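Fold and geometry: a report
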Amino acid sequence: MAAGDLPRTVQCAQKGRILRERAHMGPDTAHEAAMARAGAARAGGARRAAGAMRDEPREAPPPYVGIDPEAALAELGPAIGTAGLAEISAACARGRADLAARGLEEGGARRLRRFSTWEITRYLIPVAPAHFRRVLKANPELPQGQAETEGGTRWFTLDEVLRLRAHLAAEGSRSKEYLPWRPEGQPAKIVAVANFKGGVGKTSTAAHLAMSAALDGYRVLVVDLDSQGSMTSIFGGKVADEWATVFPLLARHYARHLQEENRARVGRGDAPQALDDTLDEALKTTAGGVIQRTHWPNIDLIGAQLNLYWAEFQIPVWRMAARGWKLWDALGDSLAADGVLDDYDLVFLDTPPALGYLTINGLAAADILLVPTGASFLEFDSTGRFFDMLHATFASIEEGENMAARALGRPGIAFEWDAVRAIVTRYDGTQQAELAALMQAWLGRAMEPRRQEFTALIGQAGEQVRGIYEADPRDFNRDTYIRGRETFDATYAAFKRLLYGVWRRDERAAGGAG
């Protein structure tokens, strides 16, 4: 018991005894007595602390301490062979089918949701709600939407929204941007979204930019170059084999090169080189044959599936057989030859997370290169190495081709992109602001200053196999929905500003601007 816990009378008696003792002691003796009492108090405190420690429960050891080998063996299961891999693959396939089905309507078709008057007038068409209602009332031949209750909010399909856009562009105020701008006579812009660092939101960024552009009124083609097929899944694509991907377009480009070489061979009196069945079949394929419609009325898709990865092995074989074949031009030339750049306003390429032959084709075809990256050291480090490899790869192609061109007296090649921008994705301002600011300082104009934040809406939409623009606002708190949209709307606004600048520069270069 501490001194303060004793009854007052006892405390007084102790103090009296101590005073009487001091009266009969010299200074040294009194000091020694005080020191002895202090030592006894410390010893008593230590004993009480030790007792308290004995009463506290002991902390559990770390989970990696005390693992029983016999128990671990019991949990291990048998070794896994190729048959076991097949079982895991089948389980994943069942899971994918189940998840994908959750985003489908009855009958297995995916259908884009309707858009409310509130969404249309806030996000899609620059018109006041009251004026929008007056336009509908004055033009009964226009889409009137559907109301779930008498006098309730009207909901419109995107196709109906596009028709309303066209009407307002023709009949409405000339000061309003009812239709997005594209300069007359300029081809579609090809946008590659690339990085070989996984998990940086590459496919998500490409998909949401495509959806944003479609909601803005552009005609969009999405090309999935990644054999994992994530972009294809987002847009509900069905791809049976590699012949429904970009593969036959690349093969056709090679086959046409061989045909040109064969004409030169015959002119020299040499025997032509035979084309195999694959190349013969590819010569019959056009881009229109592999483009499929999606549940978005103005987004089409060239999909991908696992067999597309075979192209990474076949393309170098073709290149070895014909050193004059410019493999990096295969995709861009094929899309241009088939009129794709006239049929669409924007083409988005989702590339694999590696700098292989498919990625090289996508990057060489692109006018604009977007590189998503996270605001962490590892992601920034990987992105820097990606740019290193880009430079090394395309500089090497230029050097090799231009050396041969100089020897033959032909013009050389020089790769050029209208714009290259890194974009910070999945941004957490509470933890990443300092590093993001440093990245901005280091990269300057090469990094888009607006950062794409990660919000609850993005996570919930991803769980339901759809983009955030496909998510029904009624499934969320309105503030949550607005915040979730704002981050992707800001990303699209930055991209659109980039696009407008590029198109304007092209228009001036072509002499179309005053």
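Our structure is the block above this text.
On a predicted model such as this, the values are computed, not experimentally measured, just so you know. (Residues numbered from 1 in each chain as written. Predicted model: local features only at pLDDT ≥ 70, side-chain atom pairs only at ≥ 80, totals over all residues. Heavy atoms only, no water.)

Read from one edge to the other, the open sheet built from seven strands follows the order 6-7-5-8-4-9-10, with strand pairing classed as mixed. The open sheet has two edge strands, strand 6 (292-293) and strand 10 (419-424), and neither has a second partner. With three bridges joining them, strand 4 (residues 189-193) and strand 9 (residues 368-373) adopt parallel strand pairing. Bridge pairing in strand 9 links Val193 to Leu370. Relative to strand 9, helix 20 (residues 478-509) is tilted by about 160°, and along the sheet it contacts strand 4, strand 8 (346-350), strand 9 and strand 10. (Pairing = 2+ DSSP bridges. Helix = DSSP H or I, 4+ residues; strand = E, 2+ residues; numbered from the N terminus. Contact = heavy atoms within 4.5 Å. Axes fitted to C-alpha atoms, helices over the stretch in contact; angles between N-to-C directions.)

Here we take up the packing of helix 10 (residues 247-268) against helix 13 (residues 311-321). It is at 11 Å that the axes of helix 10 and helix 13 come closest, and there the two elements cross at 5°. Here helix 10 is positioned roughly parallel relative to helix 13, judged by the angle of their axes. When helix 10 is examined against helix 13, the residues Phe247, Leu250, Ala251 and Tyr254 are found in contact with a partner set consisting of Ala311, Gln314, Ile315, Trp318 and Ala321. Of the residues assigned to the contact of helix 10 with helix 13, the class counts are eight nonpolar, one polar and no charged. (Parallel < 35°, antiparallel > 145°, perpendicular 65-115°, else oblique. Nonpolar A, V, L, I, M, F, W, Y, C, P; charged D, E, K, R; others polar.)

As a further point, take the packing of aromatic side chains. What the rule picks out here adds up to 20 aromatic pairs. For the ring pair Tyr254 and Trp318, a centre distance of 5.0 Å and an interplane angle of 10° mean the geometry is stacked. Remark: Trp318 occurs in helix 13 and Tyr254 occurs in helix 10; sequence separation between them is 64 residues. On the accessibility criterion, Tyr254 (2% relative accessible area) is buried. On the numbers, 5.5 Å between centres and 80° between planes, the contact of Tyr309 with Phe313 is edge-to-face. (Phe/Tyr/Trp six-rings, centres within 6.5 Å; stacked < 30°, edge-to-face > 60°. Buried < 20%, exposed > 50% of the residue type's maximum accessible area, 1.4 Å probe, protein only.)

Nothing here speaks to function; it is geometry throughout.
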